[in-house]
Amino acid sequence: MRFRKAIGWGSCLWLTLVVLFCASATGQGPAPETAAPLFPGGGLISYNSIFTTRRLLPGISGGIAVTARPTFSHEADVNFTWGFYRDFDLTVLIPIVTNHFDRAATPAVEATGLGDAMLLVKYRSYRRDSPRGTTQASVTFGPKIPTGRTDLADGNGIRLPSSLQPGSGSTDLFLAANWTYTGLFNIRRLVADEEFHSLIRSEGTQATRLGTDLESRFWLSYRPYESKNGAREWFIGPVLTWLHSQDDRTAGVTQSGSGGDALLAGITTYVGVRSGMHVWLGADWDVAHSTGTLFMPVRRHISFGITQQFRLHL
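Chains are numbered independently. Their residues run from 1 in the order of the written sequence. With the structure being a predicted model, the display of local features is reserved for residues of pLDDT at least 70 and the display and counting of side-chain atom pairs for 80 or more, all residues being used for whole-chain, interface and lining totals. Working from all heavy atoms in the structure, the side-chain values ignore hydrogens and water.

Asker: So what exactly am I meant to see when it comes to the pairing of strand 11 (residues 213–226) here?
Answerer: Side-chain direction in a regular strand flips from residue to residue, so the side chains alternate between the two faces of the sheet. Strands pair, by our definition, only if DSSP identifies at least two bridges between them. For the purposes of this entry, the term helix denotes a DSSP run of H or I that reaches at least four residues, the term strand denotes a run of E that reaches at least two, and both are numbered from the N terminus. Bridge count between strand 9 (residues 190–200) and strand 11: ten bridges; the pairing is antiparallel. For Glu195, the partnering residue across the bridge sits in strand 11 and is Arg217. As paired strands, strand 11 and strand 12 (residues 233–245) are joined by ten bridges and run antiparallel to one another. Note that in strand 12 the partner of Glu226 across the bridge is Glu233. Linkage of strand 11 to strand 12, two consecutive antiparallel strands, is achieved through a turn of six residues, within which Gly230 is found at a positive phi near 75 degrees.

Asker: Would you mind showing me how to read the sheet that holds strand 14 (residues 253–254) here?
Answerer: Hydrogen bonding along the main chain pairs the strands of a sheet, whether they run parallel or antiparallel. Read across the open sheet, the three strands follow the order 10-13-14; overall the sheet is antiparallel. For this open sheet the edge positions go to strand 10 (208–209) and strand 14, each flanked by a neighbour on one side alone. Alignment of strand 10 against strand 13 (residues 249–250), held across two bridges, turns out to be antiparallel. When the bridges of strand 13 are listed, Arg209 appears paired with Arg249.

Asker: Explanation requested: the side chain of Asp116 in the structure shown.
Answerer: Mapping Asp116 onto the fold places it in the loop between strand 5 (106–114) and strand 6 (117–129). Relative accessibility decides the category of a residue: with a 1.4 Å probe and only protein chains considered, values under 20% of the type maximum give buried, values over 50% give exposed, and everything between is partly exposed. Residue Asp116 is classed as buried on the basis of its relative accessible area of 9%. Two N or O atoms form a polar contact when they lie within 3.5 Å of each other; inside protein one atom must be a possible hydrogen donor and the other a possible acceptor, and for residues adjacent in sequence the pair counts only when both atoms belong to side chains. Looking at Asp116, its side chain comes within polar contact range of the side chain of Lys144, at 2.6 Å. At 3.4 Å, the side chain of Asp116 forms a polar contact with the backbone nitrogen of Thr147.

Asker: Hey, could you run me through the nonpolar core in this one?
Answerer: Soluble globular proteins: nonpolar side chains tend toward being buried together. The definition of a nonpolar core used throughout is a set of buried Ala, Val, Leu, Ile, Met, Phe, Trp, Tyr and Cys residues joined through side-chain atoms within 4.5 Å. Formed by Leu57, Ile64, Ala65, Ala68, Phe101, Val109, Ala111, Leu152, Leu160, Leu164 and Met296, the largest nonpolar core amounts to eleven residues. Among the nonpolar cores identified, the runner-up in size contains five residues, and Met118, Leu120, Phe174 and Ala176 belong to it.

What follows is the structure in structure tokens.
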């Protein structure tokens, strides 16, 4: 499988320099620093709206390939997180998914339904404070539960492939490692933040095991504004993301070329509008991707959301 340029190498070099040297970005999630857990007894509820656009499958018309991914999707995530013990968080994430698939010379199909929920535990395994700032590391793990719909059909009553269903029908394992380094280059408001996560899949609906996904996302975040009481703050800057997906398997047969790699570059801004409330907006674009025959790389990824923190006494 070859790795091909999506834009010129000159542009790739420019984007890489931007990621390395510009003022920076924050994570597209309920908290700007992904490694840090909530304080004991703290809670948050957040809403995240995620829009993803993919490239069309080349040279395929008529029927839908069993490995087809949505050409456009929207995922609305509701996230509840509770700091139930020192250095530990418990998260419940419930998605509502809309998948849209365009085909050449054929009416598009669309499906909306409840997606697969996740139940996750985060453990902060490392913290070190210094005059420069705080360094933290954490691990997150838990199951993705098959709560999503898998029975949606097109306008002719034909059941959609598992890759276009809101749910997968499989019980999968989510694993993540997060690292946050504040005070980069001894600049107090400059933060390096890395998240690496994987969704290890099992066989689900229609005897299909979707390819295991891996993602590495790096943010270099800078706060140009922070109020004296910490109630208001602003993060902004670049994001660099590597996405890898393995080939799907259907009825025990590997669908060669359905997996691949993609490199995205973008920017995220994250604003504290009042004590305990944050809003964020992020966008990523395709820089380069591999060229598997059935691979549908991400072209564009846009995310925005809002978070409210509170104290939870149980």
